[in-house]
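The primary structure of each chain is shown beneath.
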Amino acid sequence: MNIKKENLCILLVLVFHFSCSKKKDEEKTENTNNISPISIKIELDKIQQATFSTLFESIEYVFLESNDSVPLVGNMKTLIKNDFIYIEDNELNNLHKFNLRGELKTIFKSTGDGPGQFRQIEDFQIKGDTVLIYDRVLGKILFFNLEGKFLRENLEKNGATNFHVGNNFTLLFFSGYSNSDGNIFMRKSDNLIRESFFKLPEKSNQGGVRLLHGFVSNEKTKEVSITIPYTYQIATLDSLGYLKNLKKFDFLKIPQPNPGETYYQPEKINVYFPFHNFYWVSQFFNRKGYHFMVNENNEVEFSAKNLVNDIDGINFFFYPISKTENQLVFYSHSTFIYDLYQRSKNRITEKSPKTNIHEFIKKHDEELTDDRHVMIFLNFKNRLIDN
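To start, this report covers the structure provided alongside it. (Residues numbered from 1 in each chain as written. Predicted model: local features only at pLDDT ≥ 70, side-chain atom pairs only at ≥ 80, totals over all residues. Heavy atoms only, no water.)

### Here we look at the nonpolar core
Inside soluble globular proteins, nonpolar side chains tend to come together where they are buried. The biggest cluster of nonpolar side chains holds 53 residues, and the ones touching the most others in it are Tyr61 and Trp280. By residue number, the principal contributor to this core is strand β26 (residues 373-380), which donates six residues. Judged by nonpolar contacts, the second largest core, of 29 residues, contains Phe169, Phe197, Leu243 and Leu246. (Core = buried A, V, L, I, M, F, W, Y, C linked by side-chain atoms within 4.5 Å. Buried < 20%, exposed > 50% of the residue type's maximum accessible area, 1.4 Å probe, protein only. Helix = DSSP H or I, 4+ residues; strand = E, 2+ residues; numbered from the N terminus.)

Set out below in structure tokens:
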């Protein structure tokens with residue numbers, strides 16, 4: 001068969017364009033290990049205790065409904081998108097969707113190994129009007145609408161632990177493992193060009209580190225960030241899926257464990273959430289909590305340890321699991337909230353007579369003593385969010 005001259009020219013142009021695009025993409029990733037991290041030094045011994053009211057205006061408690069046949073057992077990654085709460089159950093591998101009043105709306109159920117089914121949730125993402133679930137065991141990303149109807153699935157048989165689907169690309173992260181190229185990031189464009197980049201430090205302990213948050217999106221910049229295991233570094237990737245920068249937290253005078261303590265945690269940043277004007281960082285050493293607000297110039301504007309709840313006196317474990325535009329979000333077991341309130345009822349009533357906790361306890365008095373779940377929303381003061 002003869003190929004017409006004009007068709008041959010078009011073919012050559014397409015091949016040239018593809019080759020140039022591939023070369024440019026490779027140039028963007030080949031030097032990522034040479035990026036110097038931005039250092040943020042923090043002297044932990046100088047950090048003082050602080051109270052909730054320094055940062056927060058109020059606290060809201062949300063009691064989560066339960067489906068007796070498909071209960072929420074072990075909460076893991078939690079996202080709040082479009083006025084809904086999405087919680088991964090890492091025990092039964094279902095994804096529960098609640099509205100902001102705690103009413104259960106949909107359960108994305110793990111049902112098997114077949115087409116349109118998943119067995120295990122390794123990670124998930126909410127992108128516009130689509131819910132994406134990644135099953136590492138079956139090696140695929142499944143796409144559902146917001147009501148749970150299956151749409152399609154893409155094969156991803158590469159052993160990644162976290163993912164992020166952007167515009168015209170997919171980011172894959174291998175946590176403490178590495179892919180066949182010895183790297184922990186892979187960027188796959190929609191034209192199937194695959195680029196891997198960034199090696200873990202040679203002295204790091206190899207092995208998977210389960211990340212509570214995975215890729216965290218910055219709605220303002222359209223970037224995503226993720227903690228690098230076995231380091232105190234945060235990687236930020238731009239809206240095209242390429243490594244933009246690294247931030248390294250240099251924690252000075254880390255508190256040593258008490259004699260006999262065997263608590264161990266590999267080096268990693270526990271919480272790194274972007275807000276409009278700052279980044280919230282929470283870090284734990286031997287169960288001691290330190291919390292920071294870091295501005296866009298990488299300067300620490302606020303620091304505190306062991307934050308005390310002076311708003312309503314319920315001192316839950318201060319470990320943020322999610323965020324909204326103007327809130328930090330926490331999880332607590334229902335019996336903990338109930339028991340703490342009952343033990344300190346007189347003190348809480350005297351010091352905080354008008355807070356939301358009283359109405360919440362009264363409304364759910366009997367249910368709280370069962371094996372149930374509570375979400376806690378801390379509302380930042382307007383001056384911190386609106387500046």
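Let's pick the thread back up.
### Section: the sheet that holds strand β1 (residues 38-43)
Ordered in space as β1-β19-β18-β17-β16, the five strands form an open sheet in which the pairing is mixed. The open sheet has two edge strands, β1 and β16 (216-218), and neither has a second partner. Pairwise comparison of adjacent strand axes, ignoring direction, gives a mean angle of 25° for this sheet. When strand β17 (residues 223-228) meets strand β18 (residues 233-237), the two strands line up antiparallel, connected through five bridges. Of the residues in β18, the one forming a bridge with Ser225 is Thr236. (Pairing = 2+ DSSP bridges. Axes fitted to C-alpha atoms, helices over the stretch in contact; angles between N-to-C directions.)

### Some details on the pattern of salt bridges
Within this structure, the stated rule accounts for 14 salt bridges. The salt bridge partner of Glu219 is Lys81, with a shortest N-O separation of 2.9 Å. Of this pair, Glu219 sits in the loop between β16 and β17 while Lys81 sits in strand β4 (residues 75-81), and the two are 138 residues apart along the sequence. For Glu219, a relative accessible area of 49% gives the class partly exposed. Here Lys81 falls in the partly exposed class, since its relative accessible area comes to 23%. A salt bridge links Lys140 to Glu153; the nearest nitrogen and oxygen atoms lie 3.3 Å apart. Of this pair, Lys140 sits in strand β10 (residues 140-145) while Glu153 sits in strand β11 (residues 150-155), and the two are 13 residues apart along the sequence. Taking relative accessible area as the criterion, Lys140 reaches 4% and is therefore assigned buried. Relative accessible area serves as the criterion here: at 28%, Glu153 is assigned to the partly exposed category. (Salt bridge = Lys/Arg side-chain N within 4 Å of Asp/Glu carboxyl O.)

### Things to note about the environment of Ile126
You can see Ile126 is positioned in strand β8 (residues 123-127). Note: C-alpha distance between Ile126 and His164 (38 residues apart in sequence) is 9.7 Å. Excluding anything up to four places from it in sequence, Ile126 contacts Leu79, Lys81, Tyr86 and Val131. (Contact = heavy atoms within 4.5 Å.)

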